[in-house]
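Structure assessment
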Amino acid sequence: MENYTKYKLKADEELAQILEGRDNLFVISCNKCFKEFDTMHEPDQDMFLELAQKLGKTVTGTAKADFLCNKTKAEKGLAAMIPEGTDNIVVISCGLGIQTVADVSQMSVIAAANSLNYTGHHGMALTKKACDACAQCYLNMTGGICPIVDCSKSLINGQCGGAKNGKCEVSPDKDCAWEKIQQRLAKQGRLSELTAQSVQVRDYSKVNFKVINDYVKSIRETRLEGWYGGIHPVEGKEPTEHKPLVRFPAPETVVIPLSMHLGAPANAIVNVGDYVKMGQKIGEASGFISAPVHASVSGKVLAIQDLPHATRGTCTAIVIENDGKDLLDESIKPNKPLDELTPAEIIEIVKEAGIVGMGGAGFPTYVKLNPGKPIDAVLVNACECEPMLTADHRVLLEFADDIIFGLQAEMKTVAAPKGIIVIEENKPDAIALLREKTADIDGIEVLEVATQYPQGGEKMLIKRAMGRSVPSGKLPADVGACVSNVSTVKAIADAIKTGMPLIERVTTVTGKHIPTPQNFIVRVGTSAAELVEACGGISGENVTIKAGGPMMGFPQTSLYTPIMKGSNGIIAIDTDVSEAQNCIKCGRCVDVCPMDLKPLYFYKYAISSDWEGCKEKNIMDCMECRCCEYICSSKLPLVSMIKMGKNGVRGLK
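Calculation rules
Residues numbered from 1 in each chain as written. Predicted model: local features only at pLDDT ≥ 70, side-chain atom pairs only at ≥ 80, totals over all residues. Heavy atoms only, no water. Axes fitted to C-alpha atoms, helices over the stretch in contact; angles between N-to-C directions. Helix = DSSP H or I, 4+ residues; strand = E, 2+ residues; numbered from the N terminus. Parallel < 35°, antiparallel > 145°, perpendicular 65-115°, else oblique. Left-handed = near helix turned anticlockwise from the far one by under 90°. Contact = heavy atoms within 4.5 Å. Nonpolar A, V, L, I, M, F, W, Y, C, P; charged D, E, K, R; others polar. 1 Å grid on protein atoms, 1.4 Å probe; cavity = no way out; pocket = protein on both sides within 12 Å on 5 of 7 lines; lining within 4 Å. Points joined across faces, edges and corners; volume = space filled by probe spheres on them. Patch = residues over 30% accessible without salt bridge, like charges linked within 9 Å, V, L, I, M, F, W, Y side chains within 5 Å. Areas by Shrake-Rupley, 256 points an atom, 1.4 Å probe, with all protein chains shown as cover. Salt bridge = Lys/Arg side-chain N within 4 Å of Asp/Glu carboxyl O. Lys, Arg positive; Asp, Glu negative; His and termini not counted. Charge placed at Lys NZ, Arg CZ, Asp CG, Glu CD. Buried < 20%, exposed > 50% of the residue type's maximum accessible area, 1.4 Å probe, protein only. Pairing = 2+ DSSP bridges. Expected span 1.5 Å × (residues − 1).

This part is about the packing of helix 12 (residues 400–414) against helix 13 (residues 428–438). At a minimum axis separation of 10 Å, helix 12 and helix 13 run at an interaxial angle of 55°. Classified by the angle their axes make, helix 12 and helix 13 are oblique. Between helix 12 and helix 13 lies a crossing of right-handed hand. Two secondary-structure elements touch here, helix 12 through Ala400, Asp401 and Ile404 and helix 13 through Leu433, Leu434, Lys437 and Thr438. Looking at the contact of helix 12 with helix 13 residue by residue, the classes come out as four nonpolar, one polar and two charged.

Our next topic: empty space enclosed by the protein. Evaluation of the coordinates by the stated rule reveals six cavities of 30 Å³ or more. Space inside the largest cavity adds up to approximately 130 Å³. For the largest cavity, the lining is made up of 17 residues, of which Cys151, Cys160, Cys168, Cys176 and Ala177 are closest to its centre. Looking at the lining of the largest cavity, its residues break down into eight nonpolar, four polar and five charged.

A surface patch of like charges, here negative, comprises Asp12, Glu13, Asp46 and Glu50. Within the residue set of the negative patch, elements represented by two or more residues are helix 1 (12–19) and helix 2 (44–54). Along the chain, the position of glutamate 50 falls in helix 2.

Note that threonine 510 resides in strand 19 (residues 504–510). Residue classification places threonine 510 among the buried positions, given a relative accessible area of 1%. Setting aside residues up to four positions removed in sequence, threonine 510 forms contacts with Pro239, Thr240, Met388, Pro517, Ile570, Ile571 and Ala572.

On to the pairing of strand 11 (residues 281–284). The sheet contact formed by strand 9 (residues 267–268) and strand 11 spans two bridges and is antiparallel. When the bridges of strand 11 are listed, asparagine 267 appears paired with glutamate 284.

Between its first and last C-alpha atoms helix 21 (residues 638–650) spans 18 Å; for 13 residues at 1.5 Å apiece the expected length is 18 Å, and the two agree. When helix 21 is considered as a whole, its buried residues turn out to be Leu638, Val639, Met641, Ile642, Gly645, Lys646, Gly648 and Val649. Looking at the buried residues of helix 21, the elements they touch are helix 18 (599–607), helix 19 (611–616) and helix 20 (627–631).

A few words now on the sheet that holds strand 16 (residues 418–424). Strand order across the open sheet formed by four strands is 17-16-15-18, with parallel pairing between neighbours. The two strands at the open ends of the sheet, each matched to only one other strand, are strand 17 (444–449) and strand 18 (481–485). Each adjacent strand pair in this sheet contributes to an overall mean axis angle of 25°, direction not counted. As defined by bridge partners, strand 15 (residues 377–381) adjoins strand 18 across five bridges and the pair is classed as parallel. If you follow valine 380 over to strand 18, its bridge partner there is serine 484. Contacts from helix 12 reach strand 15, strand 16, strand 17 and strand 18, with the element oriented near 150° to strand 15.

Moving on: the sheet that holds strand 11. Spatially, 9-11-12 is the arrangement adopted by the three strands of the open sheet, whose pairing is antiparallel. In the strand order of this sheet, the two ends are held by strand 9 and strand 12 (293–294), each with one partner.

Here we take up the environment of glycine 144. If you trace the backbone, glycine 144 turns up in the loop between strand 6 (113–118) and helix 5 (147–150). The exposure class of glycine 144 is buried, given its relative accessible area of 1%. Sequence spacing of glycine 144 and glycine 97 is 47 residues, and the spatial spacing of their C-alpha atoms is 9.7 Å. Not counting chain neighbours up to four residues away, the residues in contact with glycine 144 comprise Gln99, Ala102, Leu139 and Arg184.

What follows is the structure in structure tokens.
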């Protein structure tokens with residue numbers, strides 16, 4: 001199958017003939033794809049502008065775009081680009097980009113370039129429309145609708161007369177391309193341009209576009225459901241998804257980091273030698289964006305010092321020798337019934353319990369529950385879209401009543417009329433159970449969504465569940481949403497019902513190199529090494545250990561780091577031995593980015609320390625989901641370069 005993504009500007013003589021009688025031109029060109037990527041733009045637009053000046057044409061404006069064939073992105077930005085007074089849009093791209101602009105703008109489009117055949121792979125060329133790379137583009141005369149690909153017979157001189165009710169006699173499910181062409185040209189007042197053309201005789205037999213069209217249709221059928229972007233990595237959840245939770249024995253020693261949350265680390269409020277009880281506060285929040293930490297066992301404080309940390313390298317931690325008694329702190333007692341608690345009291349309970357987001361960055365939950373803005377819905381993120389992990393799935397199945405209770409507590413706190421438990425379709429047992437338990441509860445819905453990574457990202461979840469987009473730099477509360485991980489909601493129920501702060505969580509230990517994968521209920525501060533040892537240790541060679549899942553997890557150089565509030569998994573997988581190659585500008589990273597960014601630029605700018613360039617391309621909006629790196633044809637370490645770029649932007653004055 002031949003591919004077609006590059007183009008060549010038409011000859012000056014042909015362009016002059018095409019432009020005759022046309023003026024007030026807006027010129028948009030596509031930066032060529034499938035070539036070694038640099039940050040220089042292509043010269044074709046400058047060549048055209050030079051010709052337009054010689055011909056005395058008025059140019060109302062210009063623009064350059066990456067992957068102009070991406071209709072989703074073109075629809076977002078093209079209309080704002082076109083200045084008033086524009087009569088014709090000059091498109092310098094392959095036929096894919098020309099058709100996209102014609103569809104989106106509905107204006108008179110001039111094809112200023114011819115598509116060229118070459119061998120390679122599709123990237124952004126995966127569109128509903130195709131291009132036969134004729135090397136003599138016909139789109140000028142047909143209003144941007146290609147008769148070669150849109151007409152089942154590939155007729156180039158008008159309709160055959162076989163259409164019935166606007167549908168093709170050969171392909172009854174397909175609109176007649178020539179009727180569409182005439183309708184568009186008539187709407188633009190250009191029909192006479194077509195009828196005045198002489199008969200065209202060309203060979204359009206190079207590519208079987210139907211093969212491409214059918215392939216594209218098959219993979220794009222649900223491509224834009226809910227939100228744009230994302231990938232479908234191998235799930236790898238089978239080893240643990242049906243394994244019930246096992247309560248892991250409390251270890252002889254726990255290491256409690258003072259930073260297990262986004263924001264400022266907690267301040268230690270105990271000293272070496274002190275005796276502490278289970279559930280006792282041992283670290284006080286040190287700011288508005290911070291959270292307290294609590295002892296997960298009773299015993300003696302052995303040390304307060306910097307120790308290994310799964311995500312930060314090192315962090316100050318409190319080491320407690322477990323006396324095996326699990327003596328509860330006197331502060332641990334049930335609160336009033338939920339219907340008697342005020343929103344302010346619930347917020348205080350959540351704050352004092354040290355509850356944070358347990359599926360991502362660990363944002364303090366009490367801050368979310370005090371948004372200062374109207375909230376239309378509380379979303380429980382039960383997607384667990386990260387491959388291999390099944391901790392949240394098991395929480396759904398084994399603590400369903402607590403999840404519903406915690407959701408109701410959040411709804412009351414933020415005065416939300418609706419609660420939505422969002423579960424991916426790969427958890428049918430959890431969907432059925434939660435629907436059964438919420439059937440008679442007003443205001444709570446269980447929403448089944450397609451399995452797609454990163455469905456569990458806050459902005460993706462809100463888009464899918466509520467149809468609302470969170471603008472760049474804004475928070476879920478700005479669009480009336482409050483989002484909590486399913487384990488976080490369960491922790492809220494624990495804090496209200498029993499008074500127990502967040503001192504334990506569910507963690508999945510799995511992977512190709514784990515002999516007996518398992519889901520554990522584990523105390524915060526337990527060494528990851530102990531969990532792995534209980535699962536049979538690490539088998540095989542060339543193993544990478546990650547805290548978290550394969551996509552967003554943190555590679556570990558040692559297993560002697562503690563389980564924290566956000567530790568949803570420990571995985572042992574094959575080490576990736578891929579070697580990075582030069583970026584070929586295939587555009588796949590742009591196509592899968594759920595945040596509507598251009599990761600290929602982040603790599604180029606970060607490697608050259610161009611922090612202003614990173615900032616201009618909105619690198620701070622990146623959620624580091626790793627879709628771009630997963631799909632990258634050149635195996636570039638995009639996420640590590642994005643992290644570098646973010647640090648560079650933070651350092652700008």
